[in-house]
Every structure is written in C-alpha cells, then in structure tokens.
Amino acid sequence: MFRKPETVGWKLIAALIAAPTLLPLTASLGSFTRLDAELWSHLSEYVLPQVLPTTLILLFGVSLGVSLLGTALAVLVTLFEFPGRRFFSWALLLPLAMPAYVLATVFVGSLDYAGGVATFLREHGVMLPELRNTFGAAIVLIAALYPYVYLVVRSSLATQGARVLEAARGMGLTPAQAVLRVALPLSAPAILGGTLLAAMETLADFGTVAAFNVDTLTSAIYKAWFALFSVDAALQLAGVLLIVVVVLLMLQNRVHAARRTTQSGPPAMRLRLAPIGAALAVLACTLVLLLCFAAPALQLVIWSARHLADVNAQLLGSATNSVLLGVIAALLIAFLAVMLGYAARRSSSRTVQWATRTATLGYALPGALLAVGLFVPMAALVRHVNEALGWSLLLQGGLVLMLLAYAVRFTAVAHAPVQAGLSRIKPSLDEAARLAGITGVAQIVRVHLPLLRPGLAAACALVFVDVMKEMPITLMTRPFGWDTLAVRIFELTSEGEWQRAALPAIAIVIAGLVPVWWLVRHLDDGIAGARDIRGSST
Amino acid sequence: MRAGYGAHTVLHALSLRLAPGTVGCLLGPSGCGKTTALRAIAGFEPIGAGRILGDDMVLTDAGHIVPPEKRGIGMVFQDLALMPHLDVASNVAFGLHRQPRAERDARVAELLELVGLAGSAKAYPHQLSGGQQQRVALARALAPKPRLILLDEPFSSLDVELRERLSQDVRAILLHEKTTALLVTHSQFEAFAMADVIGVMRSGHLHQWDTAYNLYHRPADRFVADFVGEGRLLPGTRRADGAVEMELGVLRAHAEIPPPGPVEVLLRPDDVVHDDSSAVQATVTARAFRGAEFLYSLRLDSGREVLSLVPSHHDHAIGCRIGIRLDVEHLIAFAI
C-alpha cells in the first residue's frame, strides 16, 4: 500500500557492498576491449600456450581426484559400520586446517632430493621420480581439498542415504548395487557441488603451484606484475582466468538448480562390514588421515623444533601483522555481512537480492585476479584524485586495497553464519519488542545482538582464519616490506628453505583448527555447508 | 476499515465494535483477511479507508497511524515470538521495562501464578512444552495491563486436546484480568470456547458479527450457515400463509424468513429426529459414532441428503431404512 522510505537507504548500502566485487570483474573483462596488440601477441605466443594447458590439466586432475576420494570416504563413513567409524567421520575433515601450500612445503621439503624422506629412501636404493611438476602439485591439492567433497556428500548421505539404502535393499538390491544405483545418483549434485568448490580453490591456488614450480594462470599473473613489472599483462591474464571462473560458476548454478530436496528423519542402521571389509575400511581411512594430515603435521613439528632459534623479532612481527590483519578484516567483513543481512531483511527489492548475490560471489574469484583487478582501477582513481586536488595519496602501501580485496573474497564466508543468526530473529520478535515499547537502538541491543552473537562470532572466526591463510592477495597488495606469516612461508619456500617455513606454517595450521573444530561441532545440525568453511588453500 | 496491498484489496468495509471486557473473535478460513485486520488494529499495517478507534480516540485513519507501542495493545503472536535468549520471568517482564523493579517483579510473579508457571520463572522458552510457551506469551502480553489484547491463531502450533483445554484456561485468565481481547482463528471450536462475540469472515468480508448461539441458530447467510456447524440445505416452498412446504413435511415459520416463493431450508443434525412411528423414511448411507450419539447421513427418497443426531443406543447398520421427523425450533431459510 505504501513504500517504506528507509528501503532506499538499504538498497544503496547493499549496492555499495556489492560494488567492489564488480570492480575487478569489469577491470579484467574491460582489458579485452583495450587489447594492446604487442602485449597480447607476446602473451598468446609465450605465456598462454604454457600456462593454460597446465592450469586446465591441474583443474581436471584435481577435480577427478577429489570427487573420487571425497565420495568414497563419505560413502564409507555414512553408509557402513566399522571400528573407529565415528572417529574417522570427523577426523577426515582435519586436512581442512592445513592450507594446501603448507602441505606442499612439507611434501616438497621431505621428498626433494635433499629432503629427509628422499635421502632415506635413496640410501636404501629407492630413487623417487621427479615430483616437482604438475602431477605432484595435483596430488597435494587433492590431499588438501578432498574434504570439500567429503563434507557435502557426507551430509547429503547422512540425511537420507541409509534410509534410501534400506528401501533399496528391501526391494532386493545387494548392498553394492544399492550404493551404485541409488545412493550415488542421489548424491550426484552434492558430489558435483563439492568438486566445483575444490576446482575453484585449485584455480585460486598460488602457494602450492609456486612451491612445485608449476606455472598456472595465477602464478603467471604474479610473475607478470612483479617480475616483468607489467600490470597490463597481469590484468590481461586475469581476464583469461576470469573466463575459466565464469564457466565454473555457470556449472555451479546448474548444480544448484538440480539439487534435490533432502528429507530428514531418524538415521537408519548402517551396514556392518565383514571383518575383511572392515579392516580394509580402517586401513583406507587411516592411510588418508596419515598422509594428508598426521604425517605432515608431525614433520612440521620436527622441523619447527629444529629451527626454534628462528623465533625472532622478524617472525613475531609477521605473526603480529597476520593477527592484526585478521582481526581488522574479520570485524570489517562481519560488519559488511550484517549490513547486507539487514538490507535483505528490510527490503525485499530486486536491487538488494541482486546485490547480495553479487557480494557473495567473490569467494569464486581467485586472490591474484582480485589483487590486480582492484589495483588497476583503484590506482587510476587515486591518480585522478591526486591530479584534481593536488594531493599525493599512495595506493600501494596502504591497507585499503588489501582490505577491499579481502572483503570481496570473504564476504560470503561471513554471510552464511550471519544469515543463520539473523534468521533466528523472526519478524514477530521485532513486533513483540515494538509493542513492549522497545524500538530503535534499544531493540538492536536487547533483542538482535544477543541472538546474533553466535553467528557473529562464527563469522569473525572464519574470516580471521581465512585471512591468516590467504597468500596471493596479501603478497600482491601488502605495504612494502610488510610481512605476514603466509608471506614468510612464500619467501622461505621460494628460497628453498623448506624446513624453516615450518615455524610460521605451524602457527597457521593451529589457527586453521578453529573453523574445523566449529565445523565438527555443527556437523549434523545443517548450519555448516561447504561454503562456510571455504578456503583451505589460496 | 478497508485495507490492502497495492491494487489488491484484502479487507472490504470491515466494521465491528468490541465492548470493554468482552472477548471477540474473527473466524474464517485462511486468507480471509482476519490476520490483516488484527495487524491493522495493532498498528502494524496501514488502512486504505476508514478509522480504528480505541476508547473513542482515533488510532488509525487513512493518513495517520498511532505507532503500535503507543496504543496500549498487547499481542500473542502466531509463532509466540518469545525471546529465546531470555528466561520466562524476563520474557514476561519484557514490556515492563519502565516500571520500578519491585513493582515489576511483583507483577511478573502475579502473572506467572495466574498462568500456572510460578515454578518455571528461570526456565528458558526452549525448555518448556508448547502449552507452557503459550502461557508465557499470554502472560507477557498481559503484563503491561493493555486496554486490548490481540491473539493471532494462538493455538495453531498445539495438538487438538491441548487446544481445547488451553482455550478454556485462556478465557478464564482473560476474564480474571478483565481485559478486552480480540482473537483470530480458523477453528470454530476455539471461537466458541473463548469468545463472547464472533465475526465470520470470508474473502475480506465480514458476514456476521454475533454471538455463537446466533451464528449457529440464526446464520445471516448461506456461507455462515455452511461454515458454522454441520447441516444440509433442502429445497422447499414458502407459502403465502407463512409456512414452508418441503418433502419432509410442512414447517411453521416466524417472521424473519424470505417472501413467498422457492427457498432453501437449513437442517442441522439436531433438527432431524429419529422416530420409528414416522411415515417418512430414509436410508442410512454413513454413520459416525460419537460416544453419546451417532451422526447418521441419511438419503431421502428424493436422493437428497440430511444429517441426523441419534442417541447411540439406536444402532442402525448402513443400508437400513429408519423413520425420521423434523423438530425445528428456528426455521432458517434462504431465498433462492
């Protein structure tokens, strides 16, 4: 009957939060419209023919690997019963705490020619094949990213798998037939969805491929910018990367459309495995856990102990920077997510819906793309402002660009738990408070904040950890000489100092355990989806 | 009042008056506009035309709304809207934040006693049963002694048995507090159990605003006759002398019925009496055992159906032919 005047303000706020996501998109796509012929011929002749096949092979290999490994493990722990099943059910998520680049550091450091494991094997007459190549990088990425698939398939099967399986067996299918013909087709959207998330992470990965000396689109962007000092070339490559991202997003959209409704109900009986099968299941789960988490963690501890003398002012400074950056980003991004949530609550307009979808799309944009895609337009803006007003603002060396890039990439991470918190504040609570004479700020303090607190805490913790782990954005946009733990790891590994990278790495792994712990607690209450735990490697 | 969203009108010329201290009810199928009316009265929705008055003071008219918190209204929401982070006592005290502490505590204790939750003051809403949560919501709404309390489908989340018991308890509590109340429901049993005056609504129209007795025995139109209680319409002819002729006999009529011509007569199950000596016979087509009575569906020789309530020691099988006669106290007839 009439339009509430304040919705205009909320539309504006939502649009402003979404705008930074569009900036790198338009910048990198726009670079195709101003194609520098000389630059493009260089890129298309010397860079893309190398980089593009490697990127696609890696993408395909990792997708295949995570979907097989993740699905197999999920089927095992949800549909079958064997000793230790409950333990493995959550422990198999632990690799999420270890960013892929940390795993890569351990892998390369211990299997490299001079590495401990390699030396030991060589003394016993076993020569390892060369592993610092695309194949090795793919193995590490699979080990780090399989939990994305595992998590989604696990929850899809946990809600309905065992019951449907019972029904299928009641109709005369053998257990194997029931799994293949009923359970797996049922989870196909979940498998695809989890695989696509892992694929996006692969595309965004920078640290792992750098450690393996493999050139992909992300590392090419970094090299173009910081080795060839050509921001234009970097932006052009970001445009190519964006095309691959868009393809993945379109696939994801279709998977979402095909997602089946899940029925909930009491869990059905799991199928008890015969002794031999049970032993194989335990062996498989133990092996995965050992190779993807336990052994690398142990190696990190051993190396750290050996280099405790490295704990100096420089390292502590990096740690302080990491924490500081994480806290600032967490508070800022949680605030943005809350504003976005309120906008959606106060106004159901298309503008707000569209802005929310755009702002939460940033998780799909690789950090390298964001760094260059935000730098170029922001640098142009600063130049214009300086010229117009006679100022001398500097962009690189400020935290603004860095925080902006984090905000684009991690708003989705904060959005999910904040939204879950906001949905607890039913409209009738607002009305009840109003009838009780509690309005405005008092309503926010007395009704909203207490209910929002768990969601806000989760959002802050998740963003904090993601920012701590984040590598390419931090590396490319940090103020000169300003190190974080992730940057230290990159610098040490690029100098071949694998063992000395263990100390900063262990700090990151410990921080990374926080969201895993949160996830395990909420494993079966439906809040935790794969999108909430994003980011195990960047 | 008239109200709606955009071009869609939800309420057409709704008009009603609730005397102080009485319990009113808007009864109707879902989507009839009853909740919109309630929210307009609470001040949450604007109205397109008309006025809402409280104690002869204008609360809402077409261009002006007294905000909800200034109306002196309490509300029990359909989803109860209890604050999940506050315990029972704090929930009840929620609307009393401007009162001195001692006064507030006394009022909370008094209300918890009244709704039978004195022992649960420190419990949190999720630790209570559905019925207990219901009582907390009622106590919270009553706490500031509102002039009017609004109840929006208050029992919709409860099971049937609990509803019956609770609706009687709630009526007793409302009478004890001497509050004026307006209830919205789609269940006529709740309406009958709680309200002094009931308005039957459909598609935004108020069909009748009357006592339960009159809604049942003197329905204003076919919709009310059909919606409230059970019964069947049977064709007949209104004669010039005032009597109505129909296949089950001739009925004497009072003044309120339509002019001479073809009519439809409403026959409630208690209007059709089982009588073995009657010449009129009908075939049992269905029966429902209700303890003290059977509700029989009977097919007349014309093929039309009537319902009959018969003491349950008259046990007739389906297909039996039994004698019936009419025993109509108030003849209800509608012109065709």
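The preceding data block contains the structure.
Rules used throughout
Residues numbered from 1 in each chain as written. Chains lettered and ligands numbered in written order. Predicted model: local features only at pLDDT ≥ 70, side-chain atom pairs only at ≥ 80, totals over all residues. Heavy atoms only, no water. Helix = DSSP H or I, 4+ residues; strand = E, 2+ residues; numbered from the N terminus. Buried < 20%, exposed > 50% of the residue type's maximum accessible area, 1.4 Å probe, protein only. Contact = heavy atoms within 4.5 Å. Areas by Shrake-Rupley, 256 points an atom, 1.4 Å probe, with all protein chains shown as cover. Lys, Arg positive; Asp, Glu negative; His and termini not counted. Charge placed at Lys NZ, Arg CZ, Asp CG, Glu CD. Buried area = accessible area lost by both parts, 1.4 Å probe. Salt bridge = Lys/Arg side-chain N within 4 Å of Asp/Glu carboxyl O. Polar contact = N/O pair within 3.5 Å; in protein donor to acceptor, adjacent residues only side chain to side chain. Phe/Tyr/Trp six-rings, centres within 6.5 Å; stacked < 30°, edge-to-face > 60°. Pairing = 2+ DSSP bridges. Core = buried A, V, L, I, M, F, W, Y, C linked by side-chain atoms within 4.5 Å. Axes fitted to C-alpha atoms, helices over the stretch in contact; angles between N-to-C directions.

Student: I tried to follow the overall build of chain A on my own but got confused; where do I start?
Tutor: Across its full length, chain A carries 20 helices and two strands. Projecting the C-alpha coordinates of chain A onto the three principal axes gives extents of approximately 75 × 65 × 50 Å. Among the 538 residues that make up chain A, the fraction classed as buried is 54%. Of all intrachain contacts in chain A linking residues separated by at least 6 positions in sequence, the fraction that spans at least 24 positions is 84%. Approximately 23600 Å² of chain A is accessible, and the part contributed by carbon and sulfur atoms is 68%. One finds the centroid of the 37 positive side-chain charges in chain A at a distance of 15 Å from the centroid of its 26 negative side-chain charges.

Student: How should the interface of chain A and chain B be read in this particular structure?
Tutor: Counting residues at the interface gives 19 residues for chain A and 27 residues for chain B. Surface buried jointly by chain A and chain B totals about 2000 Å² across both partners, of which 65% is contributed by carbon and sulfur atoms. Between Glu431 of chain A and Arg39 of chain B there is a salt bridge; the shortest N-O distance is 2.6 Å. Counting every contact that joins chain A to chain B gives five residue pairs in polar contact (both at pLDDT 80 or more). At the level of elements, helix H16 (427-435) and helix H17 (440-469) of chain A are the ones that each hand at least two residues to the side of chain A that touches chain B.

Student: Please explain the packing of aromatic side chains as it appears in this structure.
Tutor: In this description, a pair of aromatic rings is defined by centroid distance and the angle of the planes. Residue and element names in this part refer to chain A. Under the counting rule described, the total for this entry stands at 15 aromatic pairs over all chains. Measuring from centroid to centroid gives 6.2 Å for Trp10 and Tyr342, while their planes differ by 20°, and the two rings are stacked. Taken together, the positions of Trp10 in helix H1 (residues 6-30) and Tyr342 in helix H12 (residues 313-346) put the pair 332 residues apart, joining distant regions of the chain. A ring pair is formed by Tyr222 and Phe490, whose centres lie 5.6 Å apart and whose planes are at 80°; its orientation type is edge-to-face.

Student: Would you mind going over the sheet that holds strand S5 (residues 57-61) of chain B with me for this structure?
Tutor: Strands belonging to one sheet form pairs held by backbone hydrogen bonds; the direction of such a pair is parallel or antiparallel. Residues and elements named next belong to chain B. Pairing is antiparallel in the open sheet, where three strands are placed in the order S4-S5-S6. Among the strands making up the open sheet, the edge pair consists of strand S4 (51-54) and strand S6 (64-65). Pairing of S4 with S5 involves four bridges; the strand directions are antiparallel. In the sheet register, Gly54 faces S5, and the bridge partner there is Met57.

Student: Please explain the nonpolar core as it appears in this structure.
Tutor: Soluble globular proteins tend to pack their nonpolar side chains together in the buried interior. Grouped together as the largest cluster of nonpolar side chains are 204 residues, with contacts concentrated most on Leu92, Leu237 and Tyr406 of chain A together with Leu150 of chain B. The biggest single contributor to this core is helix H6 (residues 134-170) of chain A, with 17 residues. Among all residues touching Tyr406 of chain A, those that are not within four sequence positions of it are Leu325, Ala329, Ile333, Thr411, Val467, Glu470, Ile473 and Thr474 of chain A.

Student: How should the sheet that holds strand S12 (residues 232-238) of chain B be read in this particular structure?
Tutor: Residues and elements named next belong to chain B. If you walk across this open sheet you meet the five strands as S14-S13-S12-S15-S21, and the pairing is antiparallel. Strands at the two margins of the open sheet, each flanked by one partner only, are strand S14 (249-251) and strand S21 (333-335). Geometrically, the sheet is characterised by an average inter-axis angle of 35° between neighbouring strands, direction not taken into account. As paired elements, S12 and strand S13 (residues 244-246) share two bridges and run antiparallel to each other. Across the sheet, Thr237 pairs through a bridge with Glu245, a residue of S13.

Student: Even after reading the chapter, I still don't get the pairing of strand S8 (residues 148-152) of chain B, so can you show me in this structure?
Tutor: In summary, the side chains of a regular strand alternate between the two faces of the sheet. Residues and elements named next belong to chain B. Most of S8 sits inside the fold, with five of its five residues counted as buried. Across the two faces of S8 the burial is the same, with Leu148, Leu150 and Asp152 and Ile149 and Leu151 all buried. In terms of strand pairing, strand S7 (residues 73-76) meets S8 through four bridges, oriented parallel. Opposite Ile73, over in S8, you have Leu148 as the bridge partner.

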